Amino acid sequence: MSDHNRPTLEAIARQASVSLSTASKVLNGRPGVSASTRQRVEELLRDSGYARRGLDPERGGLVELVVEDLLSEWSVEIIRGVERITREAGFVLALSALGDHHKPRDEWMTGVLQRKPVAVILQFSDLTVAHRRQLRTRNIPFVVVDPAGDPPADVPAVGATNWAGGVAATRHLIGLGHTRIGVISGPADLMCSRARVAGYQSALAEAGIPFVEELAGSGSFGQRDGEREGRRLLGLRDRPTAIFAGNDQQALGVYDAAAALGLEVPRDVSVVGFDDVRPALWARPPLTTVRQPLQEMAEEATRMALRLRSGEVDNARLELATSLVVRQSTAAPTS
């Protein structure tokens, strides 16, 4: 559509029977508009194909990063990657934290419309249809890093080969001679959790080892849940000789469980994590883990968002390879 044929905000205001200032308030996420009026203007913005002008922001504009937890090592790696590309491009990084929610709330969207970032990068997050429409109407490109579910085809995303990582971790343990291998998954609503467990199950099937339900646990991606599930698994009469944890934090929780039960890693139980965040190297013994290129994923997501902003044709889906990093937390079973 040419600029001449594009709808103007004045035209949107006329169609909605509101003033131009009211339409502008809706566009920019400002208060002072009733919910029914706001919805009517949003629908007209969407249906008309309106897109805010001004695609060349001044240097110093914001790139907004939405993470789940500002303190987690996972998020810290993502922040490092986004910050590097943002700084190189002359923009400023703004951070938002979701907490335990995988979908940003309406209050966050209101703030974004007011801040008018150059682009938005989201960790895990499932954006609602309404939020996606609002961002597109404002010409704010967005990219999801490690999406929580299977995002729609029109949602740009950068992930990692989680299934292949699960296969590699489990094959490594099988190769050492383990046949009774426990698994701890992350939250079931996260696609990465399900993919890692699916890789574990595929590697077992490939080796002719049956999947045993009692050897499968789940929890959040935190150390406490890793310890809880580790205690349960290691407390079984016929306990596993190895455990594949959904991430490094859970794996370190398994270390804690083993120590509490008087067991040693890897003499009594081999442990493999996932992510390769810094504590994996500092652990004693250093943790064997599947490296997920978190910083590189964040960098690629930021580059993708900035290319989308400039209107370049872009592949909106990208998966980066995982790789197994063998350290001292895995060994052949002793019995």
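A few points on the structure. Owing to the predicted nature of the structure, the values given are computational and were not obtained by experimental measurement. (Residues numbered from 1 in each chain as written. Predicted model: local features only at pLDDT ≥ 70, side-chain atom pairs only at ≥ 80, totals over all residues. Heavy atoms only, no water.)

1. Quick look at the overall build of the protein
Step number 1: Within the protein one finds twelve helices and twelve strands.
Step number 2: Judged by the C-alpha coordinates and their principal axes, the protein covers about 80 × 40 × 35 Å.
Step number 3: Considering the protein as a whole, with its 335 residues, one finds that 52% of them fall into the buried category.
Step number 4: Of the contacts formed within the protein by residues at least 6 apart in sequence, a portion of 71% connects residues at least 24 apart.
Step number 5: Carbon together with sulfur atoms contributes 51% to the accessible area of the protein, which is approximately 15,000 Å² in total.
Step number 6: For the protein, the distance from the average position of its 40 positive side-chain charges to the average position of its 41 negative side-chain charges is 4 Å. (Helix = DSSP H or I, 4+ residues; strand = E, 2+ residues; numbered from the N terminus. Buried < 20%, exposed > 50% of the residue type's maximum accessible area, 1.4 Å probe, protein only. Contact = heavy atoms within 4.5 Å. Areas by Shrake-Rupley, 256 points an atom, 1.4 Å probe, with all protein chains shown as cover. Lys, Arg positive; Asp, Glu negative; His and termini not counted. Charge placed at Lys NZ, Arg CZ, Asp CG, Glu CD.)

2. Topic: the pairing of strand β8 (residues 242-245)
Step number 1: Here β8 shows a buried face lined by Ala-242 and Phe-244 and a second buried face lined by Ile-243 and Ala-245.
Step number 2: When strand β6 (residues 181-185) meets β8, the two strands line up parallel, connected through four bridges. Note on β8: the bridge partner recorded for Ile-181 is Ala-242.
Step number 3: Summarising the sheet, β8 and strand β9 (residues 270-275) pair through three bridges and their orientation is parallel. Residue pairing for β9: Phe-244 is matched across the bridge by Val-272. (Pairing = 2+ DSSP bridges.)

3. Concerning the environment of Leu-281
Step number 1: Position of Leu-281 relative to the elements: it lies in helix α11 (residues 278-282).
Step number 2: Distance from Leu-281 to Arg-327, taken between C-alpha atoms, is 8.4 Å for residues 46 residues apart in sequence.
Step number 3: Those residues in contact with Leu-281 that lie beyond four places of it in its chain are Pro-286 and Arg-327.

4. Thoughts on a nonpolar patch on the surface
Step number 1: Together, Leu-70, Leu-71 and Leu-95 line one region of the surface with nonpolar side chains, adding up to about 320 Å² of accessible area.
Step number 2: Note that Leu-70 resides in the loop between β1 (62-67) and α4 (73-88). (Patch = residues over 30% accessible without salt bridge, like charges linked within 9 Å, V, L, I, M, F, W, Y side chains within 5 Å. Salt bridge = Lys/Arg side-chain N within 4 Å of Asp/Glu carboxyl O.)

5. Here's the deal with the environment of Ile-121
Step number 1: Within the secondary structure, Ile-121 sits in strand β3 (residues 119-123).
Step number 2: Judged by its relative accessible area of 0%, Ile-121 is buried.
Step number 3: For the pair Ile-121 and Pro-141, spaced 20 residues apart in sequence, the C-alpha to C-alpha distance is 8.7 Å.
Step number 4: Beyond its immediate sequence surroundings of up to four residues, Ile-121 is in contact with Val-63, Glu-64, Leu-65, Val-66, Val-82, Val-143, Val-145, Ala-301, Thr-302 and Ala-305.

6. Thoughts on the packing of aromatic side chains
Step number 1: Applying the stated criterion across every chain, the model contains two aromatic pairs.
Step number 2: Measuring from centroid to centroid gives 6.5 Å for Phe-244 and Phe-274, while their planes differ by 45 degrees, and the two rings are tilted. Of this pair, Phe-244 sits in strand β8 while Phe-274 sits in strand β9, and the two are 30 residues apart along the sequence. Note on accessibility: Phe-244 and Phe-274 belong to one class, buried.
Step number 3: Stacked on the ring of Phe-274, the Lys or Arg Arg-196 has its end atom at 3.8 Å from the ring centre. (Phe/Tyr/Trp six-rings, centres within 6.5 Å; stacked < 30°, edge-to-face > 60°. Lys NZ or Arg CZ within 6 Å of the ring centre and 35° of its normal.)

7. Let's talk about the pattern of salt bridges
Step number 1: This structure, assessed with the given rule, holds 20 salt bridges.
Step number 2: As a salt-bridge pair, Arg-278 and Glu-77 come within 3.7 Å of each other at their nearest N and O atoms. Within this pair, whereas Arg-278 is found in helix α11, its partner Glu-77 is found in helix α4, the two being separated by 201 residues in sequence.
Step number 3: Take Arg-278: its relative accessible area is 40%, and that puts it in the partly exposed class.
Step number 4: By sharing partners, the salt bridges in this structure join Asp-225, Arg-228, Glu-229 and Arg-232 into a single network.

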